[in-house]
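Analysis of the macromolecular model
Spelled out, the chains give:
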Amino acid sequence: MAALLSGCSSDKPAAKNDSILVEVNDEQRAAAEVAQKFLKAVLTYSNRTSDEDVKGLEYVDQAIHAGLKKQFANYTQAVQEVGGKEKLPEVQDVKVVDVIPMPDKKAYIVNTIVTYNPNRLVMDEFTKVGTVVTFENNKWLITTVNFRNQLAPAKK
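What comes next is a walk through the structure. (Residues numbered from 1 in each chain as written. Predicted model: local features only at pLDDT ≥ 70, side-chain atom pairs only at ≥ 80, totals over all residues. Heavy atoms only, no water.)

1. Some remarks on the pairing of strand β3 (residues 128-136)
Each regular strand carries side chains that alternate between the two faces of the sheet. Bridge count between strand β2 (residues 107-116) and β3: seven bridges; the pairing is antiparallel. Among the inter-strand pairings, V110 is bridged to a residue of β3, identified as T131. Bridge analysis of β3 against strand β4 (residues 139-146) gives seven bridges, and the strand direction is antiparallel. Residue G130 lies in a different strand from β4, and its bridge partner there is N146. Where β3 folds back onto β4 in an antiparallel hairpin, the turn is made up of two residues, including N137, whose phi is positive at roughly 50°. (Pairing = 2+ DSSP bridges. Helix = DSSP H or I, 4+ residues; strand = E, 2+ residues; numbered from the N terminus.)

2. What to know about unusual backbone geometry
Although it is not a glycine, N137 sits at a positive phi angle of roughly 50°. With respect to the element layout, N137 can be found in the loop between β3 and β4. For N138, which is not glycine, the phi torsion reads 65° and is therefore positive. With respect to the helices, strands and loops of the structure, N138 is situated in the loop between β3 and β4.

3. What about helix α1 (residues 26-43)?
The end-to-end C-alpha distance of α1 is 26 Å, a good match for the 26 Å that 18 residues give at a rise of 1.5 Å each. Q28, R29, A31, A32, V34, A35, Q36, F38, L39, A41, V42 and L43 are the residues of α1 that are buried. The elements touched by buried residues of α1 are α2 (62-72), β1 (91-101), β2, β3 and β4. Between a side-chain oxygen at the N-terminus of α1 and the backbone nitrogen of E27 the separation is 3.0 Å; the capping residue is N25. (Expected span 1.5 Å × (residues − 1). Buried < 20%, exposed > 50% of the residue type's maximum accessible area, 1.4 Å probe, protein only. Contact = heavy atoms within 4.5 Å. Polar contact = N/O pair within 3.5 Å; in protein donor to acceptor, adjacent residues only side chain to side chain.)

4. A word on the nonpolar core
Core analysis: the biggest nonpolar cluster contains 37 residues, and F38, L43, F72, V133 and F147 have the highest contact counts within it. For this core, the secondary structure elements donating two or more residues are α1, α2, α3 (75-82), β1, β2, β3 and β4. No other element matches the eight residues that α1 contributes to this core. (Core = buried A, V, L, I, M, F, W, Y, C linked by side-chain atoms within 4.5 Å.)

5. Section: the environment of A73
Note that A73 resides in the loop between α2 and α3. Of the residues examined, A73 reaches a relative accessible area of 27% and is grouped as partly exposed. Beyond its immediate chain neighbours, meaning those up to four positions away, A73 contacts R48, D51 and V54.

6. Thoughts on the side chain of D93
On the secondary structure map, D93 appears in strand β1. Setting aside residues up to four positions removed in sequence, D93 forms contacts with S19, I113, V114 and T115.

The following block contains the structure:
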């Protein structure tokens, strides 16, 4: 576990949420929680009912909403491929590894590790996920997501 800790510093104590492995301030915690809620919802297929029933999109910016809905509108195909609803992926936890401030805007890179219910299909390619969470129109929204890799801040 210690290897997951980040060098993030803060004058606040570590988050009370066991799924946040770094020290964060209230703003960073809010951004991290949006990333966690989004990933748990969108990557859990077990509580969906149709191709149109893509969960978690309320946490994303309109600029990426349609693309994500199209990418994850594959419920019927997923049920067929895994051999039934009872085998569909179910996220158990989304642990936050890093919360990195973005320069020049109120946004954070939130890197996570997704853990799935091992008794169901585990989407191994979607375990280390990076998001950018931006404060827009008085709420935190996912503006970028990389389901296959964590993100690093841009080099100066």
